[in-house]
Amino acid sequence: MIKSRIMRAFLLIFLTASSVIAQKITIEFDQTVDFSKYRTFAIRDGQLNSKNPALNSELVKKQIDAEIVRHLSARGLQMVAGQTDLNVRYRLGSARKVELEQYPAGWRGWGTRVVRVPYTEGTLVIDLRDASVHALVWRAIASEEKSDAGKIESKLDSMVRKSFEKYPPKPK
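As a starting point, this report considers the structure included with it. (Residues numbered from 1 in each chain as written. Predicted model: local features only at pLDDT ≥ 70, side-chain atom pairs only at ≥ 80, totals over all residues. Heavy atoms only, no water.)

**Some words on a nonpolar patch on the surface**
Residues V98, L100 and V114 make up a contiguous nonpolar surface patch of about 270 Å² in total accessible area. Among the structural elements, V98 can be located in strand β4 (residues 86-104). (Patch = residues over 30% accessible without salt bridge, like charges linked within 9 Å, V, L, I, M, F, W, Y side chains within 5 Å. Areas by Shrake-Rupley, 256 points an atom, 1.4 Å probe, with all protein chains shown as cover. Salt bridge = Lys/Arg side-chain N within 4 Å of Asp/Glu carboxyl O. Helix = DSSP H or I, 4+ residues; strand = E, 2+ residues; numbered from the N terminus.)

**With respect to the side chain of T84**
The residue T84 is located in the loop between β3 (78-79) and β4 in this model. A distance of 3.2 Å separates a polar atom in the side chain of T84 from the backbone oxygen of L86. In terms of polar contacts, T84 uses its side chain to reach the side chain of N87, at 2.9 Å. Contacts of T84, omitting those with residues within four sequence positions, involve T40, F41, A42, R44 and A131. (Polar contact = N/O pair within 3.5 Å; in protein donor to acceptor, adjacent residues only side chain to side chain. Contact = heavy atoms within 4.5 Å.)

**What to know about the pattern of salt bridges**
Side-chain pairs of opposite charge can arise whenever the charged atoms involved come near each other. The tally for this structure, following the rule as stated, stands at five salt bridges. E67 is the salt-bridge partner of R70, the closest N and O atoms lying 2.8 Å from each other. Here E67 and R70 lie together in helix α2 (residues 58-74), a separation of three residues that amounts to about one turn. When its relative accessible area of 13% is taken as the criterion, E67 is described as buried. Here the salt bridges do not stand alone but share partners, grouping R91, D127 and R139 into one network. (Buried < 20%, exposed > 50% of the residue type's maximum accessible area, 1.4 Å probe, protein only.)

**Quick look at α2**
For α2, with 17 residues, the first-to-last C-alpha span of 24 Å sits near the 24 Å given by 1.5 Å per residue. Buried residues of α2: V60, I64, E67, I68, H71 and L72, and no others. Buried residues of α2 fall within an arc of 120 degrees about the axis and therefore sit on the same side. For α2, exposure combined with an orientation more than 90 degrees from the buried face picks out E58, L59, K62 and A74. Taken from the residues just after α2, G76 is the one with a positive phi, measuring 95 degrees. (Expected span 1.5 Å × (residues − 1). Arc of directions from axis to C-beta.)

**Quick notes on the packing of aromatic side chains**
Counting across every chain of the model gives five aromatic pairs. Their ring planes at 65 degrees and their centres at 5.8 Å tell us that F35 and Y38 sit as a pair that is edge-to-face. With relative accessibility at 8%, the residue F35 sits in the buried group. Judged by its relative accessible area of 4%, Y38 is buried. Members of the aromatic cluster, connected to one another through ring pairs, are F29, F35, Y38, W138, F164 and Y167. (Phe/Tyr/Trp six-rings, centres within 6.5 Å; stacked < 30°, edge-to-face > 60°.)

Here's what the structure looks like:
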């Protein structure tokens, strides 16, 4: 009976901890800029800063490039090779982290057991820079926490999609 209570408590804590791990999107932009003037863009620089081979490959870079082109094109911008209104730069990185979880243990649940839960946090930063003044005008920071870096790769499309859901920004 005590073992079943402990197992239920552990299962509840595990499910709660795994549901907390989710995507976070932060958008920053220059409120003085009229985003309706931007019509063209080009991806000028994409950097992959991960030690994990699943996130540090040419295929991942192509996937991110394609998603950025798809979502900006859907917003009415056109990708061009020469002079542009916006230059796109992005960086993808990952870091291993550990979270400590506590749950009741011991005789009649008196006491606490601490478990280390490792996970990987992947962060994608997308910058849109005004090409005429060489200034940052819009930034999206998308972070995803998963049990391993390989699972972050499968979430890159939603990280880009959710980032561009708020483009162009609405002035406050």
